[in-house]
Amino acid sequence: MFHESRESRRKVAVVSGASGGIGRALCDLLRQRGYWVIGLARAQGRALDAAHVDHSVTCDLTDAASLAEAARAIRHASEHIDLFVFCAGAIAPQPVATLQADLALEQVQINLVGVMQLTHAILPAMAEGSHIIYTNSMAGVFPLAGSSVYTASKFGLRGFALALEQELRPRKIRVSSVFPGSVNTSMLMKEMEQGGSVLNFMSAPQEPEAIAEWILATSHKKRVENFPSSFDSFFCTLFLWSPRFLRLCMPLMTAWAKAGRARYRRNRLKNASD
Ligand SMILES: NC(=O)c1ccc[n+]([C@@H]2O[C@H](COP(=O)([O-])OP(=O)(O)OC[C@H]3O[C@@H](n4cnc5c(N)ncnc54)[C@H](OP(=O)(O)O)[C@@H]3O)[C@@H](O)[C@H]2O)c1
């Protein structure tokens, strides 16, 4: 049942989306920090390389049977979980006017409903002192035109995490969320190709390894919600409080982000030709 090094690694971490850009970097880092890592990945899609995890479990967040089986497999692999990082996610940028119902439903299932179902299923393995981290997005606090379904799913995830935090506080199980800006992964590439919001480029996209470090660092903090900077946290709060202020700032932010996107494209072309 256990990987041979299981005994030497006492802390158990589970990472969903372990085959993705951020998830994979997080698995690597957790293993370096001495965790025994269970990685969740879909049956189909990119293979979950055994080099990045100690144990892999198949889990499709759009399939209730797969979710239930994954929860059983996790508990079979380890009776307790110290850290669960929900990292799987999907985006399909589309204006609401041309929204395809199946793509909309899939995003809500992967980013929100499946996360709630899996959380419910693994709770019995979460003991006092354990920690659940949800990988949200700036889209969870800032409306992204053109990605309204993704925005809605991440706003929903924020509410779910905040309510769960209150539920689990008496059991001394920590719940927190991280809200990264843009990250250099296949998700960002897809957004760029499919006309996602230019506001992703308000600041330069970060590398997944840096984001993984940051996510893990937040696990040592007491904060329930973690933003890349106090600046992001302050302005997102202000924008939600005053949509009028957001509208006023939008032209300036869009111009700034367009310049950021052009810079990012130039750098990618330069790196590809080097
Ligand atoms: N990249 C960014 O700019 C950015 C910014 C803010 C927040 N985030 C958030 O960070 C998280 C990780 O994103 P990423 O950038 O690492 O994206 P990514 O490289 O595209 O990885 C996405 C992960 O989600 C998994 N996934 C997709 N559909 C699934 C399904 N039906 N069931 C189970 N797993 C599924 C993928 O598995 P497969 O390998 O099988 O496809 C993959 O492991 C997401 O929650 C995302 O919303 C990303």
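Look a little higher up for the structure.
Residues numbered from 1 in each chain as written. Predicted model: local features only at pLDDT ≥ 70, side-chain atom pairs only at ≥ 80, totals over all residues. Heavy atoms only, no water.

Asker: Please clarify how the pairing of strand β5 (residues 126–135) should be interpreted in this entry.
Answerer: Moving residue by residue along a regular strand, the side chains alternate between the two faces of the sheet. Burial of β5 is extensive: seven of the 10 residues sit out of reach of the surface. Of the pairings in the sheet, the one linking strand β4 (residues 81–86) to β5 comprises five bridges and is parallel in character. In the strand pairing of β5, F84 is matched with I132. You can see the chain leave β4, run along helix α3 (residues 101–122) and come back into β5, and the turn it takes is right-handed. Relative to strand β6 (residues 174–178), β5 runs parallel, the two being bridged by five bridges. Residue Y134 lies in a different strand from β6, and its bridge partner there is S177. Where the polypeptide runs from β5 across helix α4 (residues 148–168) and back to β6, its parallel neighbour, the crossover connection is right-handed. (Buried < 20%, exposed > 50% of the residue type's maximum accessible area, 1.4 Å probe, protein only. Helix = DSSP H or I, 4+ residues; strand = E, 2+ residues; numbered from the N terminus. Pairing = 2+ DSSP bridges. Right-handed = clockwise from strand over helix to strand, strands pointing away.)

Asker: Just checking my understanding: could you explain the pattern of salt bridges for this structure?
Answerer: Working definition: two side chains of opposite charge can pair if their charged atoms are close together. On inspection of all chains with the given rule, the structure shows five salt bridges. With a shortest N-O distance of 2.7 Å, R158 and E225 are connected by a salt bridge. One end of the pair, R158, is in helix α4; the other, E225, is in strand β7 (residues 225–226), with 67 residues separating them in the sequence. Taking relative accessible area as the criterion, R158 reaches 21% and is therefore assigned partly exposed. (Salt bridge = Lys/Arg side-chain N within 4 Å of Asp/Glu carboxyl O.)

Asker: What's the story with the site of the ligand in this structure? I'm lost.
Answerer: Lining the immediate surroundings of the ligand are 28 residues, of which S19, R42, Y150, V183 and T185 lie closest. A distance of 2.9 Å is found between an oxygen atom of the ligand and a backbone nitrogen or oxygen belonging to G20. L61 is positioned such that a nitrogen or oxygen atom in its backbone is 2.8 Å from a nitrogen atom of the ligand. Calculation on the ligand without its partners gives an accessible area of 900 Å², and the protein chains cover 94% of this total. Elements with a contribution of two residues or more to the shell around the ligand: α1 (21–32), α4 and α5 (186–193). Across the shell around the ligand, the residue classes break down as 10 nonpolar, 14 polar and four charged. (Near = heavy atom within 4 Å. Polar contact = N/O pair within 3.5 Å; in protein donor to acceptor, adjacent residues only side chain to side chain. Areas by Shrake-Rupley, 256 points an atom, 1.4 Å probe, with all protein chains shown as cover. Nonpolar A, V, L, I, M, F, W, Y, C, P; charged D, E, K, R; others polar.)

Asker: Got a minute to help me understand the side chain of S177 in this structure?
Answerer: Here S177 is to be found in strand β6. Excluding residues that lie within four positions of it along the chain, S177 makes contacts with Y134, A161, V224, E225 and N226. (Contact = heavy atoms within 4.5 Å.)

Asker: Could you clarify how one ought to interpret the nonpolar core in this entry?
Answerer: Nonpolar side chains in soluble globular proteins tend to end up buried together. Ranked by size, the top nonpolar core spans 34 residues in total, and within it I38, L40, I74, F84, L118 and Y134 carry the most contacts. Contributing elements (two or more residues each) for this core: β1 (12–15), β2 (36–41), α2 (64–77), β4, α3, β5 and α4. Setting aside its immediate chain neighbours within four residues, I74 contacts V14, I38, L40, V57, I81, F84 and I122. Counting residues in hydrophobic clusters, the runner-up holds 25 residues, among them Y35, A41, L83 and C87. (Core = buried A, V, L, I, M, F, W, Y, C linked by side-chain atoms within 4.5 Å.)

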